[in-house]
Amino acid sequence: NWDTGDEMVEKFLDAAARGDLSQVSTLLSHVPSLTNQTGYSGWTALMLAARNGHYHVVENLLSHGCDKFIVNSSSQTAYDIAKFWGHKHIADLLGQTDDGCQRVLLGSHISPQENYFSRETLDRLSGKRTDEAWLEAKQRKPDTVYLMFSNLSPMVSTPQEDNSLCRFTYETVKDLLQKPATVLIFLGGIQETPAWFAFSTDEDAAELLKLCTERNCSFPKMPNRDLLKLNEEEAGIVAQARSVLAWHSRYSFCPTCGTSTKPEEGGHKRICLNSECRSLKGVHNTCYPRVDPVVIMLVIHPDGNQCLLGRKKIFPARMFSCLAGFVEPGETFEDAVRREVEEESGVQVGPVQYISCQPWPMPSNLMIGCFAVAISTDIRVDENEIEEARWFTRQQVIDSLFREASPAFIAPPRQTIAHQLIRHWIGMNANL
Ligand SMILES: NC(=O)C1=CN([C@@H]2O[C@H](COP(=O)(O)OP(=O)(O)OC[C@H]3O[C@@H](n4cnc5c(N)ncnc54)[C@H](O)[C@@H]3O)[C@@H](O)[C@H]2O)C=CC1
Ligand SMILES: [Mg+2]
Ligand SMILES: [Mg+2]
Ligand SMILES: [Mg+2]
Ligand SMILES: [Zn+2]
């Protein structure tokens, strides 16, 4: 005897809150449109069942297609609520992706290993870099792996959508290694064997491709896009190799006196050929591969439920990402976060918290990922750097990360630390 719609919604929400599984399923089978109805403060049946620990009701609601990505008026998802009230088994259920894989919302467990480009597959064996005899013997071993770079891109084969690195033996590449323009670097090994090397060559790319026995080989033209298609292990190796090779390509002359330099120590040092040069007296950082620190930050609104994202002109249409900027000399990364956010968006930032970092070999950045809490909210963008910056709500961010249908913006790809920071924020409980 259900007369008004409102009453029925109330009955349904109440049944979910009490854990009355049979009434929940009866109501849903008669009136499927009840599934995502909300009551007081935007709470859905799923949230109420999650709040009170009714596992089977949650399961049943999910099987009826209940939307777990809705947030209530405090910006909490059913997952946030289950987690806060200590119903771990329900939080686990809500955190699963459709393919059964855990942790769709559990960004709070982010570890450095989860950032693309940051997996250390090889032991760098840096102590061996000065052991020339050892390095030379390793170079000739039949199981030694060589990666070939042309124009700072590694040769990859593309069996399907993904790229995988082409691996060469000493026999195949030994002639190329003799060429004067070739730069060879020692990458390390897995418990010493096999050893891995990478080299760059300026020989004709079409000729180089003939050396590979695999099919569909190429030197990708757009590193920002194509280097994101490797598996995590190979991405970590490319991060090291590309940055060091890029450094060699830009430091062929000594920054101190302008004389030519040559590689040493397995390609991890360059020394000046002018025996009078100051760079040969004592230790000088110009002789070693450089890394540029960049802060990248998710700025969180003082209300805790919105974040600040910006877009550069060069971004694909509708993509918004975290603000970022180079650390300047004599600056802490907390200060760099405050300065860059203020410069680019006019927003002022108070507390800054480090989250995780990511090597970004384009050519040699280290992205230092932070959360930053805003203490002002008016946006005034620096149009030279940023086309637009906006506050986005948790619901908009959740829609963009997890739902298909026309979100308010497009998030950066999962391989970027920007994506991981945004996801990490969603995985944290709001307002609790
Ligand atoms: N992995 C990720 O999620 C993301 C990575 N990035 C990387 O971070 C880098 C820095 O971000 P931006 O917003 O461009 O920095 P930014 O806001 O500091 O502005 C870039 C400008 O800073 C100057 N600059 C100062 N030091 C520099 C240096 N060592 N190298 C080059 N330019 C320097 C140049 O004038 C340059 O045009 C980007 O180039 C990009 O490669 C940026 C966003 C996301
Ligand atoms: Mg800037
Ligand atoms: Mg910037
Ligand atoms: Mg800057
Ligand atoms: Zn010099």
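Placed above this text is the structure.
Since the structure is predicted, the reported quantities are computational estimates derived from the model, not experimental observations.

## Focus on the nonpolar core
Membership of the largest hydrophobic core comes to 51 residues, with the highest contact counts inside it found for Phe-117, Leu-147, Leu-187, Leu-298, Leu-309 and Val-397. Both domain 2 (126-250) and domain 3 (292-427) contribute no fewer than three residues apiece to this core. In this structure, Phe-117 is in contact with Leu-227, Leu-228, Ala-235, Gly-236, Ala-239, Gln-358, Pro-359, Trp-360, Pro-361 and Met-362, ignoring residues within four places of it in sequence.

## A closer look at the sheet that holds strand 5 (residues 183-189)
Across the sheet, which stays open at both edges, the four strands sit in the order 2-1-6-5 with mixed pairing between neighbours. What marks the edges here is a single partner per strand, and that holds for strand 2 (153-154) and strand 5. Across six bridges, the pairing between strand 5 and strand 6 (residues 195-200) is antiparallel. Looking across to strand 6, one finds that Gly-189 is bridged to Ala-195. Sitting on the sheet, helix 7 (residues 132-140) is in contact with strand 1 (145-150), strand 5 and strand 6, with an inclination near 85° to strand 6. Lying on the sheet, helix 11 (residues 232-250) is in contact with strand 1, strand 2, strand 5 and strand 6; it crosses strand 5 at an angle near 150°.

## Overview of the coordination of the magnesium ion (ligand 2)
Protein-derived coordination of the magnesium ion (ligand 2) comes from Glu-340 (OE), Glu-344 (OE) and Glu-385 (OE), at a distance range of 2.1 to 2.3 Å. Of note, the donors binding the magnesium ion (ligand 2) are all from one chain and are spaced E-x3-E-x40-E. The magnesium ion (ligand 3) is placed at 3.3 Å from the magnesium ion (ligand 2), the two being bridged by Glu-344. One end of the pair, Glu-340, is in helix 12 (residues 333-345); the other, Glu-385, is in the loop between strand 14 (365-374) and strand 15 (388-393), with 45 residues separating them in the sequence.

## Some points on the site of ligand 1
Neighbouring ligand 1 are 17 residues, the closest being Lys-312, Ala-324, Phe-326, Glu-344 and Glu-385. A distance of 3.0 Å separates an oxygen atom of ligand 1 from a polar atom in the backbone of Phe-326. At 3.2 Å from an oxygen atom of ligand 1 is found a main-chain nitrogen or oxygen belonging to Ala-418. Taken by itself ligand 1 offers 850 Å² of open surface, and the protein chains cover 60% of this. Of the pockets mapped on this structure, ligand 1 occupies the largest pocket. For the shell around ligand 1, the secondary structure elements donating two or more residues are strand 10 (292-300), strand 12 (323-326), helix 12, strand 13 (349-360), strand 14 and helix 14 (417-427).

## Some thoughts on the layout of surface pockets
Any empty space left between the atoms is revealed when a probe the size of a water molecule rolls over them. Of the volumes computed, that of the largest pocket is approximately 1000 Å³. Element by element, the count of residues in the lining of the largest pocket is highest for strand 12, at four residues. Across the lining of the largest pocket, the residue classes break down as 21 nonpolar, eight polar and six charged. Residue contributions to the lining of the largest pocket reach at least three from each of two domains, namely domain 2 (126-250) and domain 3 (292-427).

## What to know about the sheet that holds strand 3 (residues 156-157)
Strands sit in the order 4-3-7 across an open sheet of three strands; the sheet is antiparallel. This sheet does not close on itself; its edge strands, each paired only once, are strand 4 (164-165) and strand 7 (217-218). Sheet topology note: the strand 3/strand 7 ladder contains two bridges and is antiparallel. By the bridge assignment for strand 7, Val-156 is matched with Ser-218.

Rules used in this analysis
Residues numbered from 1 in each chain as written. Chains lettered and ligands numbered in written order. Predicted model: local features only at pLDDT ≥ 70, side-chain atom pairs only at ≥ 80, totals over all residues. Heavy atoms only, no water. Core = buried A, V, L, I, M, F, W, Y, C linked by side-chain atoms within 4.5 Å. Buried < 20%, exposed > 50% of the residue type's maximum accessible area, 1.4 Å probe, protein only. Domains from an automatic or database assignment. Contact = heavy atoms within 4.5 Å. Pairing = 2+ DSSP bridges. Helix = DSSP H or I, 4+ residues; strand = E, 2+ residues; numbered from the N terminus. Axes fitted to C-alpha atoms, helices over the stretch in contact; angles between N-to-C directions. Donors = N, O, S within 2.8 Å, 3.2 Å for Na, K, Ca; no water. Near = heavy atom within 4 Å. Polar contact = N/O pair within 3.5 Å; in protein donor to acceptor, adjacent residues only side chain to side chain. Areas by Shrake-Rupley, 256 points an atom, 1.4 Å probe, with all protein chains shown as cover. 1 Å grid on protein atoms, 1.4 Å probe; cavity = no way out; pocket = protein on both sides within 12 Å on 5 of 7 lines; lining within 4 Å. Sits in = over half its atoms within 2 Å of the grid points. Points joined across faces, edges and corners; volume = space filled by probe spheres on them. Nonpolar A, V, L, I, M, F, W, Y, C, P; charged D, E, K, R; others polar.

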